[in-house]
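# Reading the structure
Below are the chains, spelled out letter by letter.
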2 protein chains.
Amino acid sequence: MANSNLPKKGKPPKIAVIGGGTGSFAALSGLKKYPVSLSAIVTMMDSGGSSGKLRNELGVLPPGDIRQCLIALSTSSKLMRDLFSYRFENGNLKGHNFGNLFLSTLEKTTGSIEKAISEVGKILRINGQVVPVTFKKTDLCVELVDGKIIIGETHIDEVEKKVERARIKKAFLKPEASANPAALKTILDADLILIGPGDLYTSIIPNLLVKGVTSALKKTKAKKVYAMNLMTKYGQTTHYTALEHIFDLEKYIGKNVLDVVLINSGTPNKKALEWYDDFDEQPVKNDLKNLKNYSIVQTSLIKNIHFEKSTVDKLKRSIIRHDPDKLASAVMELL
Amino acid sequence: MANSNLPKKGKPPKIAVIGGGTGSFAALSGLKKYPVSLSAIVTMMDSGGSSGKLRNELGVLPPGDIRQCLIALSTSSKLMRDLFSYRFENGNLKGHNFGNLFLSTLEKTTGSIEKAISEVGKILRINGQVVPVTFKKTDLCVELVDGKIIIGETHIDEVEKKVERARIKKAFLKPEASANPAALKTILDADLILIGPGDLYTSIIPNLLVKGVTSALKKTKAKKVYAMNLMTKYGQTTHYTALEHIFDLEKYIGKNVLDVVLINSGTPNKKALEWYDDFDEQPVKNDLKNLKNYSIVQTSLIKNIHFEKSTVDKLKRSIIRHDPDKLASAVMELL
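Residues numbered from 1 in each chain as written. Chains lettered and ligands numbered in written order. Predicted model: local features only at pLDDT ≥ 70, side-chain atom pairs only at ≥ 80, totals over all residues. Heavy atoms only, no water.

## Some points on the relation of the copies chain A and chain B
Least-squares fitting of chain A to chain B yields an RMSD of 0.0 Å, with the transformation described by 0.0 Å of translation along the axis and a rotation of 180°. The two molecules are tied by a two-fold rotation axis, judged by turn and shift. Closest to the rotation axis within chain A is the C-alpha of A:N92, separated from it by 2.8 Å. (Least-squares fit on C-alpha atoms with pLDDT ≥ 70 in both.)

## Observations concerning the interface of chain A and chain B
If you look at the interface, chain A gives 24 residues, while chain B gives 24 residues. It is A:E57, A:N92 and A:L93 in chain A that bury the most area against chain B; as a group they hold 22% of the surface buried on that side. Inspection of the chain A/chain B interface yields two residue pairs in polar contact (both at pLDDT 80 or more). If you list the elements that add at least two residues to the side of chain A that touches chain B, you get α2 (49-58), α4 (78-85), α5 (98-110) and α6 (113-123) of chain A. Along the lines of polarity and charge, the residues of the side of chain A that touches chain B split into 13 nonpolar, seven polar and four charged. (Contact = heavy atoms within 4.5 Å. Buried area = accessible area lost by both parts, 1.4 Å probe. Polar contact = N/O pair within 3.5 Å; in protein donor to acceptor, adjacent residues only side chain to side chain. Helix = DSSP H or I, 4+ residues; strand = E, 2+ residues; numbered from the N terminus. Nonpolar A, V, L, I, M, F, W, Y, C, P; charged D, E, K, R; others polar.)

## Comments concerning the nonpolar core
Ranked by size, the top nonpolar core spans 199 residues in total, and within it A:F102 and B:F102 carry the most contacts. A:F102 has contacts with A:F84, A:V120, A:I123, B:M80, B:L83, B:F98 and B:F102, leaving out every residue within four places of it along the chain. (Core = buried A, V, L, I, M, F, W, Y, C linked by side-chain atoms within 4.5 Å. Buried < 20%, exposed > 50% of the residue type's maximum accessible area, 1.4 Å probe, protein only.)

## Observations concerning α2(A)
Residue and element names in this part refer to chain A. Most of α2 is tucked away, with seven of its ten residues classed as buried. In the core, the buried residues of α2 are packed alongside α3 (64-73), α5 and β4 (139-144). Residue G59 follows α2 closely and has a positive phi angle near 70°.

## Structural notes on the sheet that holds strand β7 (residues 192-195) of chain B
Residues and elements named next belong to chain B. The strand order across the open sheet built from seven strands is β3-β2-β1-β7-β8-β9-β10, with neighbouring strands paired in parallel fashion. Each edge of the open sheet is held by one strand with a lone partner, namely β3 (129-132) and β10 (295-299). If you compare each strand with its neighbour and ignore which way they point, the axes differ by 20° on average. Relative to strand β8 (residues 223-227), β7 runs parallel, the two being bridged by four bridges. Counterpart to L194 in the pairing with β8 is V225. The sheet strands contacting helix α14 (residues 324-333) are β1 (14-19), β7, β8, β9 (260-264) and β10, and the helix crosses β9 at an angle near 150°. (Pairing = 2+ DSSP bridges. Axes fitted to C-alpha atoms, helices over the stretch in contact; angles between N-to-C directions.)

## A look at unusual backbone geometry
All names here are of chain A. Backbone torsion omega between K174 and P175 reads -5°, so that peptide bond is classified as cis. Note that P175 resides in the loop between β6 (168-174) and α8 (181-189). Residues G196 and P197 are joined by a peptide bond in cis, for which omega reads -5°. Mapped onto the fold, P197 is located in the loop between β7 (192-195) and α9 (200-208). Backbone geometry at R125 places phi at a positive 45°, although glycine is not the residue there. Secondary-structure assignment places R125 in the loop between α6 and β3 (129-132). Phi angles above zero are rare outside glycine, and H239 is one such case at about 60°. Relative to the helices and strands, H239 is located in the loop between β8 (223-227) and α11 (242-253).

## Some thoughts on the side chain of A:D46
Residue and element names in this part refer to chain A. Within the secondary structure, D46 sits in the loop between β2 (37-42) and α2. Engagement of the side chain of D46 in a polar contact is seen with the side chain of S51, the distance being 3.4 Å. Setting aside residues no more than four positions away along its own chain, D46 makes contact with S51, R55, P62, D65 and E153.

## Some points on the environment of A:G19
All names here are of chain A. In this structure, G19 sits in strand β1 (residues 14-19). Given a relative accessible area of 0%, G19 falls into the buried group. For the pair G19 and S203, spaced 184 residues apart in the sequence, the C-alpha separation amounts to 5.2 Å. With sequence-adjacent residues up to four places away left out, G19 is seen in contact with S24, I41, V42, T43, S203, I204 and N207.

## Considerations on the sheet that holds β4(A)
Residues and elements named next belong to chain A. Spatially, three strands are ordered β5-β4-β6 in an open sheet, and the strand pairing comes out antiparallel. A single partner strand is all that each edge strand has here, and the edge strands are β5 (149-151) and β6. Between one strand axis and the next, the sheet turns by 20° as a mean value, whatever way the strands run. Pairing of β4 with β6 involves six bridges; the strand directions are antiparallel. Bridge pairing in β6 places D139 opposite K174.

As structure tokens, then:
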């Protein structure tokens, strides 16, 4: 690690997490316990569920990924965190998430998602900042190797069980989007940038497709760490090994931009694995031993979950997750 | 005024406002500017609009009247007050009010409307307290003189233009409801109780129908002031004079329980009057000169509104309202 990567003496090191969804949630939840200056750069391309409805119905930016990061960084009471995580189960509100409604309503009343984030940040007393990667309303699209084009994050993310889908050839945004200047500044100022964990095509790459992001990543003196996925994701990284993850990532971030690849060495719960296997999803095979130019850090990063069958059914495929504390500890070692 | 009514030296006088809706909003907005200890006792029988939907869909208590009182008592930024007043205009959320969603979601996550009020009160930094008159899920019903029974506040409140409706014979709750002990304590401890302003049958009387409320009103040493309506309300007080308001009120509160009747002497805007007249609603005629036992205070209480035709169309019949400052000033004179 070059000296320039070292945080300035006396100032807390600046860590930026790039991603979205539950992966960023885990990383931020763990890292917030350390004396670091924490930022979350989040994808703004969500088009499904509660976020998708709010996008369509209110004409706002999708709030879901922002909300998860805000809750992860919250130091307020469990009650407030529960409130912001609450999902309505009945009637017209069914499927809507309260935190999403809060952010979107504030965006409507203030006219700005930045002000909305700032206000919710105060209420949740967040320790850190949440930075949308762009303010442009745009959709994530992928072209498959069979020529088919899929438009919209949710259509890329959700594949019906065992419906065949060709490998992804390339991802792009429609329309093109320029970066939020604050996101670029965060990247340039950081001491360490954690890319992931998160679904490769729906949480990580959307950030890299935003104009300005990859050049900032090339320019910054921050140490760039990629947190490898624990499991393959059916329809976007079906049967991918770790190397295939890196190859796809390099198409967007460029070669030799990363410094470290952080990969799990722990073994997931057997029952949970059966559940995943039913969706043709498996642990990502570690074939990084021949990968040059990057440091490879292997350590157990899996969250131990004690569960019943009913828990598995409820949590579905998100049950094998990064452990916030193990992940944060591994990241802090790299500073 | 008996000496016992006088506030204790050095302590701010305790004022309780009984009602709901826009009338309580006006009273609280004006009174919060004075050094008084302010409480709002609010009706919990709303069954229409956003509150009604939340009642049905989430199984919560109706939040609408509570929300209006919380916003009235708020000392937080305009932004937060705007947020809590925001009404969705599109999609599945159409007609829902954000503040209502907030209260109902908190009630779901905490299991208690009291905790929900307390949390929202902190966020809105309220100066005072908001006290639901009951926690019982109950409906307001009226029996008309033609024997017809109407169940549900919204069906009593909303009458189609010029649809004939017989005079109300009596109001009752179904099922019966006992008072929130905090509401009774507030009544007993108050130095002055302002009943109204508000629609007689849908904002005032529902509070008096709750078991324990009228006995507390008879027992308290507080000065009891009734703020007379400015306009008649089609379908509940059609063509009522001021005396008819008092007679109906006395059926529930009892005779000689009130101390003061506060009645407007100002003249509403002519254009607005035409609009109201189209709904067969007129200024309440002051025929209180023969009313014994109560002090009658007459003063201008009307809010001056400069408006265009479009404004009238938008605001509809709520455009002729009590002026918060004039109302509060008149109430403070009575302490």
